[in-house]
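# Structural overview
Now for the letters of each chain:
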Amino acid sequence: MKFPFSEYCECYKDLLLQFANAVQTGARSSTADVSTTFTADSVMCRRAAACLEYWQNIDSTQYRAKEAAAAAAENINLIIARRQEKGRGRYGRHFFSPLGGLYFSFILPPGKLPLALYTPLLATALSESLASVCQRNCRIKWVNDLYWQKKKVAGIITEFVASKQPQIVCGIGVNWCAPLNASLPPEIAGRVGNLALPLANANLQTAYLSDLQSELLLEFFTKLQQYEEQRIDAAGDFMELYEAKLLGKGEQVLLSDGREVLLQGVDHNDGSLLVYQGKKQLKINSGEVSLRLDGNEGVNW
């Protein structure tokens, strides 16, 4: 069962609404179109070939979404969790995911957009959504972290799953007011912040299943649909936004290999970082180095 991207967005939004209604009533339901079931640790909502899973505690939403993508069990999957035991960052690094954060992953089929640009697209969509929903104007640290008040408050990951039906798996972690009832590991405590949003906005009925997810999905799929329908010149629209929010642009920064460079911007065609070392322009790929700011490398929390 195939869906255009606009219908993916609508299905995800419908699942979120169904989930919100199910949580409010606190009971399972089943109709000709949808079904909702509760277990001790999770809630699952299904609609046609779509599935939303909410977990009180999970190893990783990204692992769970990748399992579903590899099995091609559903065409549409949205995985949400209150807490992750083994949250996953880029390069397999641990992503600290305590209570008080917002963690979710979703799946879509690859389209015309180059694989390297899904991360900048998702980062742009998340930044725009945080501004409109939470009134937090975040900057983007290349390639996949969001910063507010000079500290990391969100991270994203996009992965390609090769299967009978290839899929893109997108994961998001937002430090809403985390950590709750936990301490940050000392190695990241000075570099990680949160959005300082009221605790009331981080309960089951709001942060975990409401406006931010819906707005992010709308932003992401709208921009993706524009690209797929070639209504914009290449990736110019969202990549211009991405570059405008780029942390450290026009400043001297340190790369993780020790080189001091002038951060010029990003390549709109492949997402590479564009820098000057002296008079020589260099293109830095995300797989080679990571950006350092104020001498500190970006971290996964």
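Above this text sits the structure in question.
### Let's talk about the overall build of the chain
Secondary structure summary: the chain contains five helices and 16 strands in total. Buried residues in the chain amount to 53% of all 301 residues. Restricting to contacts in the chain with at least 6 residues of sequence separation, those with at least 24 account for 63%. Of the accessible surface of the chain, which amounts to about 13000 Å², a share of 48% is contributed by carbon and sulfur atoms.

### Examining the pairing of strand 5 (residues 76-81)
Burial runs high along strand 5: six of the six residues are buried. Summarising the sheet, strand 4 (residues 50-55) and strand 5 pair through six bridges and their orientation is parallel. Note that in strand 5 the partner of Tyr54 across the bridge is Ile80. Bridge analysis of strand 5 against strand 6 (residues 102-108) gives four bridges, and the strand direction is antiparallel. Across the sheet, residue Leu78 finds its bridge partner in strand 6, namely Phe106.

### Here we look at the packing of aromatic side chains
Two aromatic rings are characterised by how far apart their centres lie and by the angle between their planes. All chains considered together, the criterion is met by five aromatic pairs. Taking the centre distance of 5.9 Å and the plane angle of 50 degrees together, the rings of Phe106 and Phe221 count as tilted. Of this pair, Phe106 sits in strand 6 while Phe221 is found in helix 4 (residues 211-228), placing the two residues 115 residues apart along the sequence. You can call Phe221 buried: its relative accessible area is 2%.

### Some thoughts on the side chain of Thr119
As for its placement among the helices and strands, Thr119 is situated in helix 3 (residues 118-134). Here the side chain of Thr119 touches Thr158 through a polar contact of 2.5 Å, side chain to side chain. Once you skip the residues sitting within four places of it in the chain, Thr119 turns out to touch Val143, Asn144, Ile156 and Thr158.

### What to know about the pattern of salt bridges
Using the criterion set out here, one finds 11 salt bridges in the structure. For Glu53, the salt bridge is made with Arg64, and the minimal N-O distance between the two is 2.8 Å. Placement of the pair is Glu53 in strand 4 and Arg64 in helix 2 (residues 61-71), with a sequence separation of 11 residues. We classify Glu53 as buried; its relative accessible area is 1%. Using a relative accessible area of 24% as the deciding quantity, one classes Arg64 as partly exposed.

### Topic: the packing of helix 3 against helix 4
In helix packing, the relevant descriptors are the interaxial angle and the interaxial distance, both defined with respect to the helix axes. The N-to-C vectors of helix 3 and helix 4 enclose an angle of 135 degrees; their axes lie 8 Å apart at closest approach. Classified by the interaxial angle, the pair formed by helix 3 and helix 4 is oblique. Relative to helix 4, helix 3 is oriented so that their crossing is right-handed. Contact residues: Tyr118, Leu121, Leu122, Thr124, Ala125, Leu126, Glu128, Ser129, Leu130, Ser132 and Val133 in helix 3; Asp211, Leu212, Glu215, Leu216, Glu219, Phe220, Lys223 and Leu224 in helix 4. Taken together, the residues of the contact of helix 3 with helix 4 sort by class into 11 nonpolar, three polar and five charged.

### What about the environment of Asn137?
Here Asn137 shows up in the loop between helix 3 and strand 7 (139-141). On the accessibility criterion, Asn137 (61% relative accessible area) is exposed. For Asn137, the contacting residues outside a window of four places in its chain are Ala131 and Trp148.

Cut-offs and rules
Residues numbered from 1 in each chain as written. Predicted model: local features only at pLDDT ≥ 70, side-chain atom pairs only at ≥ 80, totals over all residues. Heavy atoms only, no water. Helix = DSSP H or I, 4+ residues; strand = E, 2+ residues; numbered from the N terminus. Buried < 20%, exposed > 50% of the residue type's maximum accessible area, 1.4 Å probe, protein only. Contact = heavy atoms within 4.5 Å. Areas by Shrake-Rupley, 256 points an atom, 1.4 Å probe, with all protein chains shown as cover. Pairing = 2+ DSSP bridges. Phe/Tyr/Trp six-rings, centres within 6.5 Å; stacked < 30°, edge-to-face > 60°. Polar contact = N/O pair within 3.5 Å; in protein donor to acceptor, adjacent residues only side chain to side chain. Salt bridge = Lys/Arg side-chain N within 4 Å of Asp/Glu carboxyl O. Axes fitted to C-alpha atoms, helices over the stretch in contact; angles between N-to-C directions. Parallel < 35°, antiparallel > 145°, perpendicular 65-115°, else oblique. Left-handed = near helix turned anticlockwise from the far one by under 90°. Nonpolar A, V, L, I, M, F, W, Y, C, P; charged D, E, K, R; others polar.

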